[in-house]
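# Reading the structure
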Amino acid sequence: MAGLLDRIRRARRAPFHTMMPQQARAAYEAAAEVLEPPRAPLARVEDFRVAATDGTPLRARLYAASHARLPVLLYLHGGGFVVGSLETHDSLCRQLALRSGGAVVALDYRLAPEHRFPTAVDDAWAAMEALARGIPDLGLDTRRLAVGGDSAGGTLAAACALHARDIGLELALQLLVTPGTTGHGGTASHRLFGDGFLLDSVAIDWFFDHYIDPAERGDWRFAPLDSADVDDVAPACFVLAECDPVVDEALAYADRLRLAGVTVELEMARGVTHDFIKMGRALKEAGAAQEAAAAALRKAWSR
């Protein structure tokens, strides 16, 4: 990991916080799959649209290794609510579908600053509810529905699980990969890993400033750790990186769920940074984390 970080530094890519959001999106898209294995061929890779709460058609993509009636994971990509797309997480979603044996539906939720908080949350909720109702053309077993995501997408997935509990929707699993769970980075891991470990504190501030007003950062839809009540949410699988600014708050949320009686599995990848799960070409830990996530999905779907 240290050697990989050194190569990234030598590439002298401009950091996100020095760019306009549109430039950052283009830069992230160009580099997002450089360290990932080639996109795995699957029996089904289909683009479709799902309606947001306000009627806006949102792009989505289905991944499945067969044409059978499969359980499904709604996957929400990372990128600080500002960057990221279906393309930046295509390889990862293919791996999750291939390894789990289920279907993955990735959502292209709307990004900030054009669409600030809580638009991304509303889009994720709309997609989750649409899948739960059933989209006939997809032919999926949406009675076995999970939600998941990495980084900001993990935050959205946690908010989805809380919302599902509130509306009486039973989810099989919430898969939280290196999620942010609080609106204020005051933990020891933020201080220890906030500079030089891929996701820097200045980048986190840049993402947050584009996405949400300071007065709203305690809202549980953005900071699920601050939720007043996490009882009865879906079982959780956390996939975390040891050298990550957000690892302490993710661990705190896992502990919060456990204290509420929620079943929690936790995988900690030692010696790696945020976003490691998308570095399968360079890190064996990425493949191991993908397999752990897939195993948790298979277990949840078999209950």
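Here the structure is a predicted model, which means the values were calculated and not measured. In every chain, residue numbers begin from 1 and rise along the written sequence. Only residues with pLDDT of 70 or above have their local features reported here, since the model is predicted, and side-chain atom pairs are shown and tallied only from 80 upward, although totals for entire chains, interfaces and linings are computed over all residues. Derived side-chain values reflect all non-hydrogen atoms in the structure, with water molecules and hydrogen atoms excluded from consideration.

## Quick look at the pairing of strand E4 (residues 103-107)
- In this scheme, a residue with accessible area under 20% of its type's maximum is buried, one over 50% is exposed, and one in between is partly exposed, where area comes from a 1.4 Å probe on protein chains only. Helix and strand assignments follow DSSP, with helices taken as H or I runs no shorter than four residues and strands as E runs no shorter than two, numbered in order from the N terminus. Within E4, 5 of the 5 residues are buried, which leaves the element mostly enclosed by the surrounding structure.
- Of the two faces of E4, both are covered, the one formed by Ala-103, Val-105 and Leu-107 as well as the one formed by Val-104 and Ala-106.
- Pairing of strand E2 (residues 57-64) with E4 involves 4 bridges; the strand directions are antiparallel. From the neighbouring strand, Tyr-63 faces E4, where its bridge partner is Val-104.
- A pair of strands is considered paired only if DSSP assigns at least 2 bridges between the two. Bridge count for strand E3 (residues 72-76) against E4 is 5 bridges, and the pairing is parallel. If you follow Tyr-75 over to E4, its bridge partner there is Ala-106.
- Crossover connection from E3 via helix H3 (residues 90-100) to parallel E4: handedness right-handed. Classification remark: right-handed applies to a crossover when, strands pointing away from the viewer, the course from the first strand over the helix to the second runs clockwise.

## Some details on the packing of aromatic side chains
- The pairing test for Phe, Tyr and Trp rings, Trp by its six-membered ring, is centres within 6.5 Å, and the orientation test on the planes gives stacked under 30 degrees, edge-to-face over 60, and tilted for anything in between. For the coordinates displayed, the defined rule picks out 13 aromatic pairs.
- Geometrically, the ring pair formed by Phe-117 and Phe-222 is edge-to-face, given 6.5 Å between the ring centres and 70 degrees between the ring planes. Taken together, the positions of Phe-117 in the loop between E4 and helix H4 (119-133) and Phe-222 in the loop between helix H7 (201-211) and strand E7 (236-243) put the pair 105 residues apart, joining distant regions of the chain. Across the pair, Phe-222 and Phe-117 agree in class, each one buried.
- Consider the rings of Tyr-211 and Phe-222, whose centres lie 5.9 Å apart with planes at 45 degrees: the pair is tilted. Taken as a pair, Tyr-211 in helix H7 and Phe-222 in the loop between H7 and E7 lie far apart in primary sequence, 11 residues in all. This pair shows no difference in class: Tyr-211 is buried, exactly as Phe-222 is.
- Connected via pairs of aromatic rings, a cluster forms that spans Phe-81, Phe-117, Phe-208, Tyr-211 and Phe-222.

## Re the side chain of Asp-141
- Topologically, Asp-141 is positioned in the loop between H4 and strand E5 (145-150).
- A residue is classified by how much of its surface remains accessible, and Asp-141, at 5% relative accessible area, is buried.
- In this structure the side chain of Asp-141 is engaged in a polar contact, spanning 2.8 Å, whose partner is the side chain of Arg-144.
- If we skip the residues at most four places from it in the chain, Asp-141 touches Arg-69, Leu-70, Pro-71 and Val-72. Polar contacts, as used here, are pairs of N or O atoms within 3.5 Å; protein pairs need one atom able to donate a hydrogen and one able to accept it. Residues neighboring in sequence count only if both atoms are side-chain atoms. Contact criterion: two residues are considered in contact whenever any of their non-hydrogen atoms come within 4.5 Å of each other.

## Observations concerning unusual backbone geometry
- That bond from Ala-112 to Pro-113 is cis: its omega, 5 degrees, falls within 30 degrees of zero.
- The topology assignment puts Pro-113 in the loop between E4 and H4.
- The amide bond that connects Phe-117 to the next residue, Pro-118, takes the cis arrangement and shows omega of 10 degrees.
- Residue placement: Pro-118 occurs in the loop between E4 and H4.
- Non-glycine residue Leu-198 carries a positive phi angle of around 80 degrees.
- Checked against the element boundaries, Leu-198 lands in the loop between helix H6 (188-193) and H7.

## What about the packing of H3 against helix H9 (residues 284-301)?
- Working convention: axes come from line fits to C-alpha atoms, limited for helices to the stretch in contact. Angles between N-to-C directions cover 0 to 180 degrees. The contact between H3 and H9 brings their axes to 8 Å, and the two run at 50 degrees. Comparing their axes, H9 and H3 come out oblique. H3 and H9 meet at a crossing whose hand is right-handed. Only Gly-287, Gln-290, Glu-291, Ala-293, Ala-294, Leu-297, Arg-298 and Trp-301 of H9 make contact with H3, whose side of the interface consists of Leu-92, Gln-95, Leu-96, Arg-99 and Ser-100.
- Amino acid classes used here: Ala, Val, Leu, Ile, Met, Phe, Trp, Tyr, Cys and Pro are nonpolar; Asp, Glu, Lys and Arg are charged; the rest, including Gly, are polar. Looking at the contact of H3 with H9 residue by residue, the class counts come to 6 nonpolar, 4 polar and 3 charged. Any angle that falls under 35 degrees is termed roughly parallel, while one over 145 is termed roughly antiparallel, one within 65 to 115 roughly perpendicular, and all others oblique. Less than a right angle of anticlockwise turn of the near helix away from the far helix marks a crossing as left-handed, whereas a clockwise turn marks it as right-handed.

## Quick look at the packing of H4 against helix H5 (residues 152-167)
- At a minimum axis distance of 10 Å, the contact between H4 and H5 shows a crossing angle of 55 degrees. By the angle between their axes, H4 is oblique relative to H5. Where H4 crosses over H5, the handedness of that crossing is right-handed. Each of Ala-120, Val-121, Ala-124, Trp-125, Met-128 and Glu-129 in H4 lies in contact with H5, whose residues at this interface are Leu-156, Ala-159, Cys-160, His-163, Ala-164 and Ile-167.
- Taken together, the residues of the contact of H4 with H5 break down into 10 nonpolar, 1 polar and 1 charged.

## Details of the pairing of strand E1 (residues 44-51)
- Here E1 pairs with E2 via 8 bridges, running antiparallel. Opposite Val-50, over in E2, you have Leu-58 as the bridge partner.
- Connecting the antiparallel pair E1 and E2 is a turn made up of 5 residues, with Gly-55 showing a positive phi of about 95 degrees.

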